[in-house]
Amino acid sequence: MNVPFLDLKAATDELSAEIHAAVARVVDSGWYILGPEVEAFEAEYAAFCGAAHCVGVANGLDALKLALIATGVGAGDEVIVPSNTFIATNLAVSQIGAIPCPVEPDPVSFNIDPERIEAAITPRTKAILPVHLYGLPADLDAVRAIAERHGLVVIEDAAQAHGARYKGRPIGGGSHAVAWSFYPGKNLGALGDGGAVTTDDPEIAERLRMLRNYGSARKYENSVVGYNSRLAPIQAAVLRTKLPYLEEWNGRRREIVALYTAQLAELDLVLPREPNWGESSWHLFVVQHPRRDWLQEQLAGRGVQALIHYPIPPHRQQAYAGEAWAAAAQPIAEAMAAQVLSLPIGPQLSAAQAERVIGALQDILATVKVG
Ligand SMILES: *Cc1c(COP(=O)(O)O)cnc(C)c1O
């Protein structure tokens, strides 16, 4: 039995009839940009997140970028980001001419360490951009308290955190803006690109609606220099079909996590843990091992596909070579990049497949002494 990292086709197949009906609804409606399907999804997703507003955009990177612009971040401003995030977090900042300022994560929670944030604040700092990495919520109260003390904006990168909870409340409200991706592999994924920003602030929501649509609130009247970044109605219809299943599907992820946690505990492997303030969406189940590449190969040899999220931290990417902010070493992020390995997880992963992963790891790690 081979265990793929994630089976997207199986996710679509489970809701096949409903998804086909939703797509047909849009095809037959004659309405292909924004309109009722996008508005309905925005209302449903805002309600799910406990946010006052949701604005659908083209993808997660644009969600971050437009959220930064809509909250007043611009060229020359510094934005504090975790040093161990996916490159999109940094790209959103640098593409608007702002400067990403990496702050190291807490090695247990993988998320930005609030204790290290204040040392990175300068007179040019405008925003803090915590990422709920792997679906584990960052410590938002601590981040928001620092932001309030220094008059900073908080924008959350929730691209991996659909359905995650912070102190019992869903991620999505409470900060200036929260950016989402509906890339197919995310916990709530479209059949193509998609994204959204949620916010409690009606003015930020209004600015986002203009920014995604050529800077225009009324057709052919352009009040700001905007973009074309709209969530497609077909994707909104697919997302509306999948949203009612998100809690159940996240629940299935938690069952796999329970199996992994119980049965891998004795192995020479660092397992992920939920912080006591948060409930993860378990987008990824990331273990750490000093001989990660070897472990990945051993698993592959037993038919188990494990992936690395992420092998090179943003400050070490070629794209940012020569940038002053990228020059300093980020030892925690770099150590993580060398040791992290994501085991297969997803709502369509069967218990038998999870047992297969566990068996393979027991087989590999019981027989070889780690050096
Ligand atoms: C997926 C992801 C993004 C970007 O989303 P896209 O829809 O692919 O543009 C941003 N941040 C994080 C943490 C992500 O995982």
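Note that the structure is a prediction, hence the values are computed from the model and not measured.

1. Regarding the sheet that holds strand 12 (residues 278-279)
What holds strands together in a sheet is hydrogen bonding between their backbones, with the strands either parallel or antiparallel.
Working step 1: Read from one edge to the other, the open sheet built from 3 strands follows the order 7-6-12, with strand pairing classed as antiparallel. What marks the edges here is a single partner per strand, and that holds for strand 7 (169-170) and strand 12.
Working step 2: Where strand 6 (residues 165-166) lies against strand 7, 2 bridges are found, and the strand directions are antiparallel. Within the sheet, the bridge partner assigned to Arg-165 lies in strand 7 and is Pro-170.

2. Some thoughts on the site of the ligand
Working step 1: In the neighbourhood of the ligand, the contacting residues comprise Asn-59, Gly-60, Leu-61, Phe-86, Ala-88, Val-131, Asp-157, Ala-159, Gln-160, Ser-181, Lys-186 and Tyr-310.
Working step 2: One of the backbone nitrogen or oxygen atoms of Gly-60 is found 2.7 Å away from an oxygen atom of the ligand.
Working step 3: A distance of 2.8 Å is found between a nitrogen atom of the ligand and a side-chain nitrogen or oxygen belonging to Asp-157.
Working step 4: With the chains in place, 91% of the 380 Å² that the ligand exposes on its own is no longer accessible.

3. Description of the nonpolar core
Working step 1: Counting 39 residues, the largest nonpolar core has Tyr-260, Phe-285, Leu-295, Leu-299, Leu-343 and Leu-361 as its most contacted members.
Working step 2: When residues of this core are traced back to their parent elements, those giving at least two are helix 10 (246-264), strand 13 (285-288), helix 11 (292-301), helix 12 (331-339), strand 14 (340-343) and helix 13 (351-367).
Working step 3: Looking at which element gives the most residues to this core, the answer is helix 13, with 7 residues.
Working step 4: Apart from residues lying up to four places away in sequence, Tyr-260 is in contact with Ala-265, Leu-271, Phe-285, Leu-343, Pro-344, Leu-349, Ala-354, Val-357 and Ile-358.
Working step 5: The next biggest cluster of nonpolar side chains, apart from the first, holds 26 residues, and it includes Val-93, Leu-129, Val-153 and Leu-208.

4. Here's the deal with the pairing of strand 5 (residues 153-157)
Working step 1: By the criterion of burial, strand 5 is predominantly enclosed, with 5 of the 5 residues buried.
Working step 2: Examined bridge by bridge, strand 4 (residues 125-128) and strand 5 share 2 bridges and lie parallel to one another. Note on strand 5: the bridge partner recorded for Ala-127 is Val-153.
Working step 3: With respect to chirality, the unit in which strand 4 leads through helix 7 (residues 140-150) into the neighbouring parallel strand 5 is right-handed.
Working step 4: When strand 5 meets strand 8 (residues 177-181), the two strands line up parallel, connected through 3 bridges. Across the sheet, the residue bridging to Ile-155 is Ala-177, located in strand 8.

5. Things to note about the layout of surface pockets
Working step 1: In this structure, the largest pocket spans a volume of roughly 690 Å³.
Working step 2: Lining the largest pocket we find 32 residues, and of these Phe-86, Tyr-183, Lys-186, His-283 and Tyr-310 sit closest to its centre.
Working step 3: Elements with a contribution of two residues or more to the lining of the largest pocket: helix 4 (60-70), helix 5 (87-95) and strand 8.
Working step 4: Residue composition of the lining of the largest pocket, grouped by class: 17 nonpolar, 11 polar and 4 charged.

Cut-off values and rules
Residues numbered from 1 in each chain as written. Predicted model: local features only at pLDDT ≥ 70, side-chain atom pairs only at ≥ 80, totals over all residues. Heavy atoms only, no water. Pairing = 2+ DSSP bridges. Helix = DSSP H or I, 4+ residues; strand = E, 2+ residues; numbered from the N terminus. Near = heavy atom within 4 Å. Polar contact = N/O pair within 3.5 Å; in protein donor to acceptor, adjacent residues only side chain to side chain. Areas by Shrake-Rupley, 256 points an atom, 1.4 Å probe, with all protein chains shown as cover. Core = buried A, V, L, I, M, F, W, Y, C linked by side-chain atoms within 4.5 Å. Buried < 20%, exposed > 50% of the residue type's maximum accessible area, 1.4 Å probe, protein only. Contact = heavy atoms within 4.5 Å. Right-handed = clockwise from strand over helix to strand, strands pointing away. 1 Å grid on protein atoms, 1.4 Å probe; cavity = no way out; pocket = protein on both sides within 12 Å on 5 of 7 lines; lining within 4 Å. Points joined across faces, edges and corners; volume = space filled by probe spheres on them. Nonpolar A, V, L, I, M, F, W, Y, C, P; charged D, E, K, R; others polar.

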